[in-house]
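Letter by letter, the chains look like this.
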Amino acid sequence: MSSLTPPPHRPTLADVADAAGVAISTASRALAVPGRGNPDTRERIIRIAKDLGYTPVTASNASATPSTRMVAVLVSDVTNPFYFGIIRGTQQALRVAGYSQILVHTEESPEMEESTLEELRSSYDGAILTASRLSDERLAELSAELPLVALNRAVPGVPSVFIDTPLGFDQAVEHLASLGHRRICYVAGPPTSWASNLRWRAVAAACERLGIEYTKVGPYQPRTKAGAAAADAALNTGATACVAFNDLLAIGMLIRLKERGVRVPEDMSIVGCDDIFGADFCNPPLTTLTAPVEQAARLSVSMLLDRLQSERIGASALTRRHIAALPTHLTVRESTGSAPRRTPGGES
């Protein structure tokens, strides 16, 4: 007889993982992917799940689950103005379709993303993961278990809406090169950010193509308060222009550079990303990448509803687009200008 006592609520994957002493992702793989992982561990997890009365909700049994008419929308930082347009866009599109939205702030944590998806599973029909911090592999596994769309990601095998920031970063480097800059610094975002790594590769490729020196500082949290350390580090590189992971970092850099007496753009040019509310109110107004954020949000809802409909009628996979890409463009304002004759704080 089992010594495990089922929890007072419907057992979740987190309960199984806790009882087995493993990570949620390990428990999920053991229950959803036959043959994966250590056989003894997998057998123990399966036994514990049975003892607790846990039944995973997957694509195969989702049609038997009553519809909640709710969709979970996960954002990595609800205080970041970039997400305002996404939240507004998903809510409007869902309301038109007769759904309501559960908004979840995951605090830049992949563990919180995964545990939230599991703990709330009985409360939503599908999920939209915005700028997910989970790996491509884990997103693919989760997509096989529940209806989801990755927004601001491009994941093979997962319905995805990709905002093409690499295209915009290429434009940013060309813009800076046209102004005479010959050493550019990329200010990186969080180490778990898929987008930050992609943007760095875009900057490096554009600089290689144009024969420009380039370097990277970071990683930094995508918040204004991290901009001070980023600005100090960028000044130490000798770069005359910086391309930041997002506008919040760039705005924090503007504040710090002003404190240090470094003029923007006369001594240092700064480019941001996202064109958030207030980017044009900075001193100086920020050159940045502009993206169709609300369009991306509406498209992600459309893709998720397509998947939900496919599963209701018993389709085994989406018959429509898997990955949709939306372009970005550079919006030039006053934070970029001609390269200085001297590097900031250095000699000519």
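Remember, predicted model here, so these are calculated numbers, not experimental data. (Residues numbered from 1 in each chain as written. Predicted model: local features only at pLDDT ≥ 70, side-chain atom pairs only at ≥ 80, totals over all residues. Heavy atoms only, no water.)

**Digging into the sheet that holds strand S3 (residues 126-130)**
Then, number 1: Pairing within the open sheet is parallel, and its 6 strands lie in the order S2-S1-S3-S4-S5-S11. Two strands lie at the open edges of the sheet, namely strand S2 (100-105) and strand S11 (323-327), each paired on one side alone. Here the strands of the sheet are splayed against their neighbours by 15 degrees on average, with no regard to which way each runs.
Then, number 2: Sheet topology places S3 next to strand S4 (residues 148-151); 4 bridges connect them, and they run parallel. Each bridged residue has a counterpart across the sheet, and for Leu129 the counterpart in S4 is Ala150.
Then, number 3: Its contacts with the sheet place helix H5 (residues 110-119) against strand S1 (70-75), S2 and S3, and it is angled at close to 170 degrees to S3. (Pairing = 2+ DSSP bridges. Helix = DSSP H or I, 4+ residues; strand = E, 2+ residues; numbered from the N terminus. Axes fitted to C-alpha atoms, helices over the stretch in contact; angles between N-to-C directions. Contact = heavy atoms within 4.5 Å.)

**Notes on the nonpolar core**
One broad trend across soluble globular proteins is that nonpolar side chains are buried collectively.
Then, number 1: Within the largest apolar cluster, 80 residues are counted, with the highest numbers of intra-cluster contacts made by Val187, Met253 and Ile270.
Then, number 2: Domain assignment of the residues forming this core places at least three in each of domain 2 (68-161 + 291-325) and domain 3 (164-289).
Then, number 3: Residues in contact with Met253, not counting those within four places in the same chain, are Val187, Gly227, Ala230, Ala231, Ala234, Cys242, Ala244 and Ile270.
Then, number 4: Grouped together as the second largest cluster of nonpolar side chains are 16 residues, Val104, Leu129, Leu146 and Leu148 included. (Core = buried A, V, L, I, M, F, W, Y, C linked by side-chain atoms within 4.5 Å. Buried < 20%, exposed > 50% of the residue type's maximum accessible area, 1.4 Å probe, protein only. Domains from an automatic or database assignment.)

**Regarding the packing of aromatic side chains**
In this description, an aromatic ring pair is defined by two values, namely the gap between the centres and the angle between the planes.
Then, number 1: Enumeration over the complete set of coordinates arrives at 6 aromatic pairs.
Then, number 2: Taken together, a centroid distance of 6.1 Å and an interplanar angle of 70 degrees make the contact between Phe169 and Tyr186 edge-to-face. With a gap of 17 residues between them, Phe169 in helix H7 (residues 165-178) and Tyr186 in strand S6 (residues 183-187) connect regions that are remote in the sequence.
Then, number 3: Looking at Phe169, the relative accessible area reads 0%, which means it is buried.
Then, number 4: An angle of 85 degrees between the planes, with centres 5.7 Å apart, marks the rings of Phe277 and Phe281 as edge-to-face. Of the two residues examined, Phe277 and Phe281, each falls in the exposed class.
Then, number 5: The structure contains a cluster of three or more aromatic residues connected by ring pairs, namely Phe169, Tyr186, Trp200 and Tyr214. (Phe/Tyr/Trp six-rings, centres within 6.5 Å; stacked < 30°, edge-to-face > 60°.)

**What to know about the confidence of the model for the chain**
Then, number 1: For the chain, per-residue confidence averages 86 on the pLDDT scale, and 84% of positions sit at 70 or higher.
Then, number 2: Ignoring residues within four places in sequence, the model shows residues 59-64, a span with pLDDT below 50, making 7 contacts including any to other chains. (pLDDT = per-residue confidence, 0-100.)

**With respect to the sheet that holds strand S7 (residues 213-217)**
Then, number 1: Read from one edge of the open sheet, 6 strands run S7-S6-S8-S9-S10-S12, paired in mixed fashion. Each edge of the open sheet is held by one strand with a lone partner, namely S7 and strand S12 (329-331). Ignoring which end each strand starts from, the neighbouring axes of this sheet average 25 degrees apart.
Then, number 2: As judged from the 3 bridges shared by strand S10 (residues 287-290) and S12, these two strands associate in the antiparallel manner. Within S12, the residue paired with Thr288 across the bridge is Thr331.
Then, number 3: Against the sheet, helix H8 (residues 194-210) makes contact with S6, S7 and strand S9 (269-273), and its axis sits at roughly 160 degrees relative to S7, the strand it touches most.
Then, number 4: On the sheet, helix H9 (residues 227-237) packs against S6, S7 and strand S8 (241-244) and is oriented at approximately 150 degrees with respect to S7.

**Quick look at unusual backbone geometry**
Then, number 1: The peptide bond linking Gly218 to Pro219 adopts the cis configuration, its omega dihedral lying at 15 degrees.
Then, number 2: On the secondary structure map, Pro219 appears in the loop between S7 and H9.
Then, number 3: In this model, Asn283 is joined to Pro284 through a cis peptide bond whose omega is 0 degrees.
Then, number 4: Turning to its location among the elements, Pro284 is positioned in the loop between S9 and S10.
Then, number 5: Although it is not a glycine, Ala131 sits at a positive phi angle of roughly 50 degrees.

**Details of the pattern of salt bridges**
Then, number 1: In total, this model carries 16 salt bridges according to the counting rule given.
Then, number 2: The salt bridge partner of Glu108 is Arg133, with a shortest N-O separation of 2.6 Å. Residue Glu108 is found in the loop between S2 and H5, and its partner Arg133 is found in the loop between S3 and helix H6 (136-145); the two are separated by 25 residues along the sequence. For the pair Glu108 and Arg133, one class covers both residues: buried.
Then, number 3: Each of Glu114, Arg138, Glu141 and Glu145 takes part in one network of salt bridges that share partners. (Salt bridge = Lys/Arg side-chain N within 4 Å of Asp/Glu carboxyl O.)

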